[in-house]
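Close look at the chain arrangement
Residue strings, one per chain:
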Amino acid sequence: MPWDRNQMAARAAQELEDGMYVNLGIGIPTLVANYVGDKDITLQSENGMLGMGPFPYEGEEDPDLINAGKQTITELNRTAYFDSATSFGMIRGGKIAAAILGAMEVAENGDLANWMIPGKLVKGMGGAMDLVAGVGRVIVVMDHTNKAGESKVLRECTLPLTGKGVVDRIITNLGVLDVVPGGLRIVECADGVTQDELRAATEATIVS
Amino acid sequence: MKKVYATAAEALEGLLHDGMFIAAGGFGLCGIPELLIAAIRDAGTKDLTVASNNCGVDDFGLGILLQTRQIRKMISSYVGENAEFMRQYLSGELELEFNPQGTLAERMRAGGCGIPGFYTKTGVGTVIAEGKEVKTFDGQDYILERGIVADLSIVKAWKADDTGNLVFRKTARNFNPPAAMCGKVCVAEVEEIVPRGSLDPDLIHLPGIYVHRIVQGTHEKRIEQRTTRKKEAA
């Protein structure tokens, strides 16, 4: 059985170490926060906050307190607020240890595409280009294939890039792969997924 | 030195002209200068170029200036929440320059700090780098981005004193300080103007030197995505 969304998020949470400052993207990456356990992790929201707390209780929403997905959230006793230039200063400056992001395509050289599909509505890259260029480690969490069953783990990206050579690790429903010289290296397979199944679903070069 | 004005319209008097370049604070609908935006709509100033991270929603924030066709060009990082924006953009009525969010924030900050350009690795190897100078520092490629200097900045803060010192609240700070800094003139709308001396000088977020006019008003502060959790049973 491939991993489901929550299992992918739980696997991604294993990447985080005590004391890390981390930025989580929208979608499955947001679920990672549910699986950090006892680890002392500080979540950054790029609209200007370190120490992001959970959603507020009903009736306690504050329009002045949102995350980068524009959702109402809460603060913690460690929270700090700052402006957008300072926020991206810490991102660009490599102070954020890791970003966990979704993707449309990843290539074997670490290229990442997750912001636009030509011919479709273009919403914008938001902070994704800054994050992948700046943070210490970029971890992509996504389904291994698209709805048509085609691999999203490619030799080369076909979509416009968010960043070139920026991805360090890919966590999919089928397993975990690292970007290494010459291609991707299988780190582990999802429970019940064989190496052959993982290879068959991967267009990118896999080096052993 | 009179900085306090009675209404948003009065605070903008003499500052607006067709074809001008405005920098606006806010992230999504959080911390947006909603009263000044409404006053610009009422003034009818057109052919605007607006640098703002987002462009509001159809009926609130900068979106209301799209409805009246007052904006000619947007410089933004994300415009996904606005159907009218997409319609005008796809029909060619509206020009759009996408900037990565941190690049936009730094362009504003730099412009306000007298820095005409800076090198960043954000966007290297992507469409954002097209036509931009690439320079290699210590073996890493960076692209040249320009500082922004706007004709006018419009921002929203929580509190001001009458000298223009500003304090923001929680994540409503966002783009407001860099947007304020990059304007030749900056108008700030606030929830409360307090007597000078009542703000702690150690806790001023933006010094009044950047703020030329202030107006106090009542804000709708609309929530874009209301997300909550249930209280656990005791």
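Rules used in this analysis
Residues numbered from 1 in each chain as written. Chains lettered and ligands numbered in written order. Predicted model: local features only at pLDDT ≥ 70, side-chain atom pairs only at ≥ 80, totals over all residues. Heavy atoms only, no water. Helix = DSSP H or I, 4+ residues; strand = E, 2+ residues; numbered from the N terminus. Rg over C-alpha atoms; globule rule 2.2 N^0.38 Å. Buried < 20%, exposed > 50% of the residue type's maximum accessible area, 1.4 Å probe, protein only. Contact = heavy atoms within 4.5 Å. Lys, Arg positive; Asp, Glu negative; His and termini not counted. Charge placed at Lys NZ, Arg CZ, Asp CG, Glu CD. Areas by Shrake-Rupley, 256 points an atom, 1.4 Å probe, with all protein chains shown as cover. pLDDT = per-residue confidence, 0-100. Phe/Tyr/Trp six-rings, centres within 6.5 Å; stacked < 30°, edge-to-face > 60°. Lys NZ or Arg CZ within 6 Å of the ring centre and 35° of its normal. Polar contact = N/O pair within 3.5 Å; in protein donor to acceptor, adjacent residues only side chain to side chain. Buried area = accessible area lost by both parts, 1.4 Å probe. Salt bridge = Lys/Arg side-chain N within 4 Å of Asp/Glu carboxyl O. Nonpolar A, V, L, I, M, F, W, Y, C, P; charged D, E, K, R; others polar. Pairing = 2+ DSSP bridges. Axes fitted to C-alpha atoms, helices over the stretch in contact; angles between N-to-C directions.

On to the overall build of chain A, then. The helix and strand tally for chain A stands at five helices and 12 strands. Whereas a compact globule of 208 residues would reach a radius of gyration of roughly 17 Å, chain A reaches 17 Å, a difference of no more than 12%. When its C-alpha atoms are laid out on the principal axes, chain A stretches across 50 × 35 × 30 Å. Expressed as a percentage of the 208 residues in chain A, the buried residues total 59%. Relative to all contacts within chain A whose residues are 6 or more apart in sequence, the contacts with residues 24 or more apart total 61%. Between the averaged position of the 17 positive side-chain charges in chain A and that of its 28 negative side-chain charges there is a distance of 5 Å.

This paragraph deals with the overall build of chain B. When its secondary structure is counted, chain B shows six helices and 12 strands. Compactness check: chain B gives a C-alpha radius of gyration of 18 Å against a globular reference of 17 Å for 234 residues, within 12% of the reference. In terms of overall dimensions, chain B has C-alpha extents of about 60 × 50 × 40 Å along its principal axes. At a minimum sequence separation of 6, the contacts of chain B that also span at least 24 residues come to 72%. Of the accessible surface of chain B, which amounts to about 9800 Å², a share of 49% is contributed by carbon and sulfur atoms. For chain B, the centre of its 28 positive side-chain charges and the centre of its 30 negative side-chain charges are spaced 3 Å apart.

Below, the discussion takes up the confidence of the model for chain B. Of the residues in chain B, 99% have a pLDDT of 70 or more, and the chain-wide mean is 96. In the model output, the complex is listed with pTM 0.97 alongside ipTM 0.97.

The subject of this paragraph is the packing of aromatic side chains. One pass over the structure, following the stated rule, counts three aromatic pairs over all chains. Taking 5.9 Å as the distance between ring centres and 90° as the angle between the ring planes, the aromatic pair formed by Trp 115 of chain A and Phe 98 of chain B counts as edge-to-face. In this pair, Trp 115 of chain A sits in the loop between strand S7 (112-113) and helix H4 (128-134) while Phe 98 of chain B sits in strand S5 (residues 95-98), so the two residues belong to two different chains. Residues Trp 115 of chain A and Phe 98 of chain B agree in their burial class; the two are buried. Through pairs of rings, three or more aromatic residues link up here, namely Tyr 119, Phe 137 and Tyr 142 of chain B. The ring of Phe 27 of chain B has Lys 70 of chain A lying over it, and the distance from NZ or CZ to the ring centre is 5.3 Å. A cation sits over an aromatic face here: Lys 159 of chain B above Trp 158 of chain B, 4.4 Å from the ring centre.

A word on helix H4 (residues 83-90) of chain B. Residue and element names in this part refer to chain B. Those residues of H4 not exposed but buried are Glu 84, Phe 85, Met 86 and Gln 88. Looking at the buried positions of H4, the neighbouring elements they touch are helix H3 (63-67), strand S4 (71-76) and S5. Between the side-chain oxygen of the N-cap and the backbone nitrogen of Glu 84 there are 3.3 Å, and the N-cap of H4 in question is Asn 82. Phi turns positive, to about 85°, at Gly 92, one or two residues after H4.

With 46 residues of chain A at the interface, the matching set in chain B holds 50 residues. Around 4300 Å² of area is buried between chain A and chain B when both sides are counted, 59% of it from carbon and sulfur atoms. Sorting the residues of chain A by area buried against chain B places Tyr 57, Asp 64 and Lys 70 of chain A first, and these three jointly supply 19% of that buried surface. The tally of links between chain A and chain B comes to seven salt bridges. Between Asp 64 of chain A and Lys 221 of chain B there is a salt bridge whose closest N-O contact spans 2.7 Å. Taken together, chain A and chain B are joined by 27 residue pairs in polar contact (both at pLDDT 80 or more). Within the residue set of the side of chain A that touches chain B, elements represented by two or more residues are strand S4 (75-81), helix H3 (84-92) and H4 of chain A. Taken together, the residues that form the side of chain A that touches chain B break down as 20 nonpolar, 13 polar and 13 charged.

On to the pattern of salt bridges. Enumeration according to the criterion identifies 33 salt bridges over all chains in this entry. Note that Arg 169 of chain A is salt-bridged to Glu 15 of chain A, the shortest N-O span being 2.8 Å. Placement of Arg 169 of chain A in strand S10 (residues 169-171) and of Glu 15 of chain A in the loop between helix H1 (5-13) and strand S1 (21-24) is noted, with a sequence separation of 154 residues between them. Here Arg 169 of chain A matches Glu 15 of chain A in class, with each residue buried. In this structure, Asp 64 of chain A engages Arg 169 of chain B in a salt bridge whose closest nitrogen and oxygen atoms are separated by 2.8 Å. Within this pair, whereas Asp 64 of chain A is found in the loop between strand S3 (49-52) and S4, its partner Arg 169 of chain B is found in the loop between strand S10 (166-167) and helix H6 (176-181), the two belonging to separate chains.

Residues and elements named next belong to chain B. Strand order in the open sheet formed by three strands is S6-S8-S7, with antiparallel pairing between adjacent strands. Of all the strands in the sheet, just strand S6 (117-120) and strand S7 (134-137) have a single pairing partner and so form its edges. Strand-to-strand, the axes of this sheet are offset by a mean angle of 40°, without reference to chain direction. Two strands pair when backbone bridges link them, and S6 and strand S8 (residues 140-146) are joined in this way by four bridges, in the antiparallel orientation.

Neighbouring strands of a sheet are bound in pairs by backbone hydrogen bonds; such pairs are parallel or else antiparallel. Residues and elements named next belong to chain A. The strand order across the open sheet built from nine strands is S4-S3-S2-S1-S5-S8-S10-S11-S12, with neighbouring strands paired in mixed fashion. The strands lining the two open edges of the sheet, one partner per strand, are S4 and strand S12 (183-189). Each neighbouring strand pair of the sheet contributes to a mean axis angle of 25°, computed without reference to strand direction.

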